[in-house]
Amino acid sequence: LNDNQKDILRQNVSSSLLKYDILEVIKILDQYPSLLLDANYKIEYFFNYFLLTSEIQLSIYTSKTWSHIVDIAAYADFLEAFIYFSERKNVPLTILSLNSFLPLHYALSCNSLEIVNYIFFKVPNLFTDETQIKNVDHSLLYYAIESNNIRIVQSLFNNGYSVRSQ
């Protein structure tokens, strides 16, 4: 496959994940298994600002990250796909994206509480084993707070996170 064909396949996988279509994802990955650990999936972040006076919603583009397929599943809050990649395809839950993000960052920021809890269940030593998070450049607490969900923040601390750990 050339780079353009790979980009199209990555877009199809991402689109299928965001539509919760695991069967289409499996079909593509069975045909092109190298895409499973590919770190060139793109996620674009948008921040929404609500102007209360005029009731206009603005979406402002902020950044693009290069990610893995498990990051997309976490971002989409697609637990079944996340478990499939972890358990059936053995994708490590501590895999770092090219921008030094863990799947946990995406799960935290997108309010994916079930995925956050699944990660802590599968990797209970995430914060006690310093090798797990030594190359992580981005604050997990920041992304947990971004979710606007106190249960996400509590889950982070209940599973061993401390402000000094990162």
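Everything below is about the structure shown above.
For the structure given in this document, a descriptive report is provided here. (Residues numbered from 1 in each chain as written. Predicted model: local features only at pLDDT ≥ 70, side-chain atom pairs only at ≥ 80, totals over all residues. Heavy atoms only, no water.)

A tally of regular secondary structure across the protein chain gives 9 helices and 2 strands. Classification of the 166 residues of the protein chain by burial places 43% in the buried group. When the accessible surface of the protein chain is totalled, it reaches about 9,400 Å², and 51% of it is carbon and sulfur. (Helix = DSSP H or I, 4+ residues; strand = E, 2+ residues; numbered from the N terminus. Buried < 20%, exposed > 50% of the residue type's maximum accessible area, 1.4 Å probe, protein only. Areas by Shrake-Rupley, 256 points an atom, 1.4 Å probe, with all protein chains shown as cover.)

The interhelical angle for the contact between helix 6 (residues 113–122) and helix 9 (residues 150–158), taken along N-to-C directions, is 5°, at an axis separation of 10 Å. Taken as axis vectors, helix 6 and helix 9 run roughly parallel relative to one another. Facing helix 6, whose interface residues are Leu113, Val116, Asn117 and Phe120, helix 9 presents Arg151, Ile152, Ser155 and Leu156. A class-by-class count of the residues in the contact of helix 6 with helix 9 yields 5 nonpolar, 2 polar and 1 charged. (Axes fitted to C-alpha atoms, helices over the stretch in contact; angles between N-to-C directions. Parallel < 35°, antiparallel > 145°, perpendicular 65-115°, else oblique. Contact = heavy atoms within 4.5 Å. Nonpolar A, V, L, I, M, F, W, Y, C, P; charged D, E, K, R; others polar.)

Here we come to the packing of helix 2 (residues 22–31) against helix 4 (residues 79–88). Across the interface, helix 2 lies against helix 4 with an axial gap of 10 Å and an inter-helix angle of 30°. Classified by the angle their axes make, helix 2 and helix 4 are roughly parallel. Together, Ile22, Val25, Ile26 and Leu29 of helix 2 and Ala81, Tyr84 and Phe85 of helix 4 make up the contact between the two elements. Residue composition of the contact of helix 2 with helix 4, by class: 7 nonpolar, no polar and no charged.

Here we come to the nonpolar core. Leu17, Ile69, Phe82, Phe85, Leu104, Leu108 and Leu156 are the most contacted members of the largest nonpolar core, which has 50 residues in total. Listing elements by their share of this core, those giving two or more residues are helix 1 (3–18), helix 2, helix 3 (69–75), helix 4, helix 5 (103–109), helix 6, helix 8 (140–146) and helix 9. Contact partners of Leu17, with chain neighbours within four places excluded, come to Val25, Ile69, Ile72, Ala73, Ala76, Phe78, Ala81 and Phe85. (Core = buried A, V, L, I, M, F, W, Y, C linked by side-chain atoms within 4.5 Å.)

Along the chain, the position of Pro103 falls in helix 5. The buried category is assigned to Pro103, whose relative accessible area is 0%. For the pair Pro103 and Phe82, spaced 21 residues apart in the sequence, the C-alpha separation amounts to 9.5 Å. Ignoring any residue separated from it by four or fewer positions in sequence, one finds Pro103 in contact with Val70, Asp71, Ala74, Phe82, Leu93, Ile95 and Ile119.

All chains considered together, the criterion is met by 7 aromatic pairs. Between Phe82 and Tyr118 the ring centres are 5.9 Å apart and the planes differ by 85°, which places this aromatic pair in the edge-to-face class. Remark: Tyr118 occurs in helix 6 and Phe82 occurs in helix 4; sequence separation between them is 36 residues. Neither Phe82 nor Tyr118 differs from the other in exposure class; each is buried. Ring geometry for Phe157 and Tyr161: centres 5.4 Å apart, planes at 80°, overall edge-to-face. Residue Phe157 is classed as partly exposed on the basis of its relative accessible area, which comes to 34%. Taking relative accessible area as the criterion, Tyr161 reaches 6% and is therefore assigned buried. Chaining the aromatic ring pairs together yields one cluster made of Phe101, Tyr106, Tyr142 and Tyr143. (Phe/Tyr/Trp six-rings, centres within 6.5 Å; stacked < 30°, edge-to-face > 60°.)

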